[in-house]
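What follows is the residue order along each chain.
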Amino acid sequence: MPNPPSAKLPNPFSYSDRGDGTVVDNVTGLVWQKAVTASQAYTWTAAQAYCSSLTLAGLTWRLPTRIQLLSLVDPSTGAAMDTTYFAPPGGKYTWSSTPWVVSQISTKPQDAWMVNFGGGGGLTSNAAAQSAVEYARCVSSPVATPLPDPHYLQVAVGEVQDVETKLVWAQASHATAVSQAAASAFCASLGLNGHTWRLPSLGELSTLVDDNPNIAKVSPAIDACVFADTPANQYYMSSSSLSGTSPWALNYEDGFTDHSQTAGYVRCVR
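What comes next is a walk through the structure. Values in this document were obtained by computation on a predicted structure and should not be read as measured data. (Residues numbered from 1 in each chain as written. Predicted model: local features only at pLDDT ≥ 70, side-chain atom pairs only at ≥ 80, totals over all residues. Heavy atoms only, no water.)

**Examining the environment of Y235**
No. 1: Summarising the element assignment, Y235 is placed in strand β14 (residues 235–242).
No. 2: Taking the C-alpha atoms as reference points, Y235 and V266, separated by 31 residues in sequence, lie 8.8 Å from one another.
No. 3: Beyond its immediate chain neighbours, meaning those up to four positions away, Y235 contacts A249, L250, N251, F256, D258, Q261, A263, G264 and Y265. (Helix = DSSP H or I, 4+ residues; strand = E, 2+ residues; numbered from the N terminus. Contact = heavy atoms within 4.5 Å.)

**Concerning helix α1 (residues 44–53)**
No. 1: Among the residues of α1, W44, A47, Y50 and C51 are the ones counted as buried. Looking straight down α1, one finds that the buried residues subtend no more than 115° of arc, so they occupy a single side. When the buried face of α1 is taken as reference, the exposed residues oriented beyond 90 degrees from it are T45, S52 and S53.
No. 2: Among the structural elements, β3 (31–33), β4 (41–42), β5 (94–99) and β6 (112–115) are those in contact with the buried residues of α1. (Buried < 20%, exposed > 50% of the residue type's maximum accessible area, 1.4 Å probe, protein only. Arc of directions from axis to C-beta.)

**Overview of the sheet that holds strand β1 (residues 15–17)**
No. 1: Judged by pairing direction, the sheet is antiparallel, and its four strands sit side by side in the order β1-β2-β3-β9 without closing on themselves. The sheet is open, and its two edges are formed by β1 and β9 (139–140), each paired on a single side.
No. 2: Judged from the three bridges that link them, strand β2 (residues 22–25) and β3 form a sheet pairing that is antiparallel. Across the sheet, the residue bridging to T22 is Q33, located in β3. (Pairing = 2+ DSSP bridges.)

**Structural notes on the packing of aromatic side chains**
No. 1: Taken as a whole, this structure holds eight aromatic pairs when the rule is applied.
No. 2: A centroid spacing of 6.1 Å and a plane angle of 20° characterise the contact between F13 and Y15, whose relative ring orientation is stacked.
No. 3: For F13, a relative accessible area of 12% puts it in the buried group.
No. 4: Y15 gets classed as buried once you look at its relative accessible area, which sits at 6%. (Phe/Tyr/Trp six-rings, centres within 6.5 Å; stacked < 30°, edge-to-face > 60°.)

**Notes on the side chain of Q33**
No. 1: Here Q33 lies in strand β3.
No. 2: Classification of Q33 by relative accessible area gives buried; the value is 5%.
No. 3: In this structure, Q33 is in contact with G21, Q40, Y50, L54, L56, W61, F86, A136, R137 and C138, ignoring residues within four places of it in sequence.

**Points about the state of the cysteines**
No. 1: On inspection of all chains with the given rule, the structure shows two disulfides.
No. 2: Note on cysteine connectivity: C51 is disulfide-linked to C138, with sulfurs 2.1 Å apart. On the sign convention where negative is left-handed, the bridge of C51 and C138, at about -85° about the S-S bond, is left-handed. Of this pair, C51 sits in helix α1 while C138 sits in the loop between β8 (134–135) and β9; the two residues are 87 residues apart in sequence, bridging distant segments of the chain.
No. 3: Residue classification places C51 among the buried positions, given a relative accessible area of 0%.
No. 4: Across a sulfur-sulfur distance of 2.1 Å, C187 and C268 are joined as a disulfide pair. With the S-S bond torsion at -90°, the cross-link from C187 to C268 turns out left-handed. Residue C187 is located in helix α3 (residues 180–188), and its partner C268 is located in the segment after β17 (264–266); the two are separated by 81 residues in the primary sequence. (Disulfide = S-S within 2.5 Å.)

Written out as structure tokens, the structure reads:
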């Protein structure tokens, strides 16, 4: 997961403009449609159709998944993305192809995940009706497939590695709500198995969200066998801040985020 260069974390944002209306993310390898205009506003279903029919640069396009779209978010800026390479669309959200898990139940609101670029960034999961008209920014990538099983490997007592991101996580949470500064200090002093730990960025925390949990028990939206102490509704602090002032946190109720949380639980990474 890319991180803002100012955060001094692994995998800083790196893009290359291909000069043909596309931008390649040098960290993820994803190729993105560079421009989003006011005409690229669609319902969720129409947005998917728009991307699949796009003929830009001779590539095959699709509407990005939640985590793919989130990889563009720079939570440290009001623009929420690198404006050197992308022009953040204003006035609307941007669709992902990931439906809200509860929408599997036909009697529930039919929602989908979307990202707010230009309003502080972040995700919302309870106001993205699939019938709403929002922007589409297309991505050229391999077809999304189920995550490998096992998704997490035990690398030491109390530690697991995500086989996709290669991040190693402490399985146990610090289940006391603390400030961002205190959360960072906790991880720095953790010392689990003699390793050096840190507080994850918002994007890194988001990679743990399970977009398709057991529909009978949606929350917490995380692998409850691997991270068994995760509460169903509690914010986790991240190292990300909005313009250096307001801490970002993520809630595993379904993976939504907020940039005004002054305290939250802690999950450390290395």
